[in-house]
Amino acid sequence: MQIIQKFSGALVGVLLLAGCTADQGPVPADPLATRETVNLYQNLLALQKEGLMFGHQDDLVYGVGWVYEVGRSDVKEVCGDYPAVYGWELGHLELGEPYSLDSVHFDTIRSKIQEVYRRGGVNTVSWHLRNPLTGGSAWDVSSAEAVKSVLPGGGKHDLYLGYLDKLAGFLLSLKSGDGTFIPVIFRPYHEHTGSWFWWGKNLCTVEEYKSLWRMTVEYLRDTKNIHHLLYAYSTDRFSTEEEYLERYPGDDVIDMMAFDLYDRGPDFPETLKNCAETVSRLAAARTKIGAVSETGGPIATQTDWWTARLLETLRPISLSYVLVWRNPWQGASHAPFGPHPGNPSAEDFVLFYNDPHTLFQKEVTGRNLYQ
Ligand code: BMA
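Nothing here was measured: the structure is a model prediction, and the numbers come from that model. (Residues numbered from 1 in each chain as written. Predicted model: local features only at pLDDT ≥ 70, side-chain atom pairs only at ≥ 80, totals over all residues. Heavy atoms only, no water.)

1. Comments concerning a nonpolar patch on the surface
So, point 1. A surface patch of nonpolar side chains, about 240 Å² in accessible area, is lined by Val67, Tyr68 and Trp329.
So, point 2. Mapped onto the elements, Tyr68 comes out in the loop between β5 (66-67) and α3 (74-79).
So, point 3. Assessed through its relative accessible area of 36%, Tyr68 is described here as partly exposed. (Patch = residues over 30% accessible without salt bridge, like charges linked within 9 Å, V, L, I, M, F, W, Y side chains within 5 Å. Areas by Shrake-Rupley, 256 points an atom, 1.4 Å probe, with all protein chains shown as cover. Salt bridge = Lys/Arg side-chain N within 4 Å of Asp/Glu carboxyl O. Helix = DSSP H or I, 4+ residues; strand = E, 2+ residues; numbered from the N terminus. Buried < 20%, exposed > 50% of the residue type's maximum accessible area, 1.4 Å probe, protein only.)

2. Remarks on the pairing of strand β3 (residues 52-57)
So, point 1. By the criterion of burial, β3 is predominantly enclosed, with 6 of the 6 residues buried.
So, point 2. Of the two faces of β3, the one holding Leu52, Phe54 and His56 and the one holding Met53, Gly55 and Gln57 are both buried throughout.
So, point 3. Strand direction decides the pairing type here: β3 and strand β13 (residues 358-359), joined by 2 bridges, are parallel. The residue of β13 that forms the bridge with Met53 is Leu359.
So, point 4. Inspection of the sheet shows β3 paired to strand β12 (residues 321-324) by 4 bridges, in the parallel sense. Residue pairing for β12: Met53 is matched across the bridge by Tyr321.
So, point 5. Sheet analysis places β3 next to strand β6 (residues 85-89), joined by 3 bridges and oriented parallel. Bridged to His56 within β6 is Tyr86. (Pairing = 2+ DSSP bridges.)

3. A few points about the nonpolar core
So, point 1. Within the largest apolar cluster, 111 residues are counted, with the highest numbers of intra-cluster contacts made by Met53, Trp127, Tyr160, Trp199 and Leu212.
So, point 2. The dominant element in this core, judged by the number of residues it contributes, is helix α6 (residues 157-171), at 8 residues.
So, point 3. What Trp127 contacts, discounting residues up to four positions off in sequence, is Glu89, Leu90, Gly91, Glu94, Tyr160, Tyr163, Leu164, Leu167, Phe186, Arg187, Tyr189 and Trp199. (Core = buried A, V, L, I, M, F, W, Y, C linked by side-chain atoms within 4.5 Å. Contact = heavy atoms within 4.5 Å.)

4. Observations regarding the pattern of salt bridges
So, point 1. Within this structure, the stated rule accounts for 22 salt bridges.
So, point 2. The residue Glu36 makes a salt bridge to Arg35 at a minimum N-O spacing of 3.6 Å.
So, point 3. Residue classification places Glu36 among the buried residues on the basis of a relative accessible area of 13%.
So, point 4. Where Arg237 meets Asp267, a salt bridge forms, and the shortest distance between an N and an O atom there is 3.2 Å. You can see Arg237 sitting in the loop between β9 (229-235) and α8 (241-245) and its partner Asp267 sitting in the loop between β10 (256-260) and α9 (268-286), a full 30 residues away along the chain.

5. Digging into the packing of aromatic side chains
So, point 1. Counted according to the given criterion, the structure contains 31 aromatic pairs.
So, point 2. Arranged with centres 5.9 Å apart and planes meeting at 85°, the rings of Tyr189 and Trp213 form a pair that is edge-to-face. You can see Tyr189 sitting in the loop between β8 (184-187) and α7 (206-223) and its partner Trp213 sitting in helix α7, a full 24 residues away along the chain.
So, point 3. For Trp213, a relative accessible area of 0% gives the class buried.
So, point 4. Taken together, a centroid distance of 5.2 Å and an interplanar angle of 80° make the contact between Trp198 and Trp199 edge-to-face. Take Trp198 and Trp199: they sit in the same class, and that class is buried.
So, point 5. By the ring-pair criterion, three or more aromatic residues cluster together here, those being Trp127, Trp139, Tyr160, Tyr163, Phe186, Tyr189, Phe197, Trp198, Trp199, Trp213 and Tyr231.
So, point 6. Seen from the ring of Tyr82, Arg119 lies directly overhead, with NZ or CZ sitting 4.1 Å from the centre. (Phe/Tyr/Trp six-rings, centres within 6.5 Å; stacked < 30°, edge-to-face > 60°. Lys NZ or Arg CZ within 6 Å of the ring centre and 35° of its normal.)

Laid out in C-alpha cells, this is it:
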C-alpha cells in the first residue's frame with residue numbers, strides 16, 4: 001500500500017511537471033483555464049500530429065480590392081474554403097481607440113472572433129502596442145528603457161497597467177451567444193529576437209523581457225481573472241535552440257512555442273526547416289503547441305511558393321499551423337501575403353489546399369476543437 005502511494009505520488013509529480021494531470025491529460029499553463037480552453041489546447045496538441053492548419057491575418061475583414069464585405073475572404077475566393085486559423089491585431093486598443101492601427105474596428109474584430117468560434121475555427125491575437133515610454137509606435141526603438149519603465153517600480157508602470165486594463169476589457173468581451181468565453185491564442189511581444197520593436201533583443205535585458213511577460217500573464221490571469229487565453233511565445237528567425245530559448249519566460253506561463261519567418265531569399269526553405277524542426281522538437285518535449293505564427297513569400301513572382309517552398313518544407317514536421325500575414329487594402333506597406341484571385345500563385349494555392357496534409361475550415365469544423 002505504502003509502495004503504491006509512493007509510486008502514485010511520484011507519478012503525479014512527473015505528470016504535473018510535464019503539464020499533465022492523471023485524469024485530464026495535458027493542461028494549459030493557466031491552472032484555471034476554462035473547459036473550452038483546455039479542450040482547445042488538447043485538441044490542438046492532438047491535431048498537430050495529423051496535419052497543418054492554414055491561417056491568415058485579418059482574412060474576413062478585408063482583402064485585395066475590398067473591405068468589410070460580409071462573407072468575403074480572399075482565401076475562400078481562391079480555394080472555396082475559409083482558413084482554419086484567423087489572426088487579429090489589437091494595436092491601438094491600449095489607446096482606447098475604436099479601431100486598430102490597421103484600421104479595423106475592434107467591434108468588428110470581436111464579431112469576427114465570435115463568427116470563427118461558431119464555425120469551430122481558431123483565433124489568435126497579436127498586439128503591436130505603442131511604445132509606453134515615448135508614445136511612439138511599436139517600432140519606436142529610440143530608447144532602451146521602455147521595457148524597464150513598465151515593470152514594477154518603473155515610471156510607466158501605472159500607464160502600462162492602464163494599457164493592460166483596456167486589453168483585458170476587450171478580452172473579457174469575447175463571449176459566444178450563451179455567454180461562454182471564447183478561447184484565443186494571445187501572442188504579444190513577438191519577434192523579440194530582432195530589435196525592431198520596443199521589446200526587442202537590444203532594447204531590454206533577458207530578465208526584463210521575461211519579467212514583462214510574467215507581469216502581463218499574472219495581471220491578466222490573476223488580477224483580471226481571464227482564463228480563456230493560450231499564451232504564445234513567438235520569436236523571429238533564430239539559429240540554435242539556445243537562441244530560441246534565451247528569453248523563454250517559462251513553461252508555467254507559455255502554451256505555444258512559435259516563430260515568425262518571412263521568405264526573403266534563397267535561404268528560406270533551409271532556415272524554415274531548421275526553425276520549424278527546432279520548435280516542433282522543443283514544443284513536443286514540453287507538451288506545448290508548435291506553430292509558424294507569421295510567414296509570407298514572394299507569391300507574385302514565385303508561382304509554386306505554396307507547395308514547393310512552404311508545404312514541402314513543413315510536411316515532415318509536426319506543427320499546429322502556419323499563418324500568412326495580411327493582404328493590405330490600403331497604405332500597402334507590403335504586397336499581399338495571402339492568396340487572392342488573379343495572383344500568379346493562385347493555382348498553386350489550390351494544390352496546397354487540396355493536399356491532405358493541410359487543414360482548412362472544413363476539416364476543423366467537424367473536429368469540435370472546443371469540446
Ligand atoms: C506589419 C505590417 C503593418 C501592420 C502591422 C500590424 O507586419 O503588416 O502594415 O500595421 O504588421 O498588423
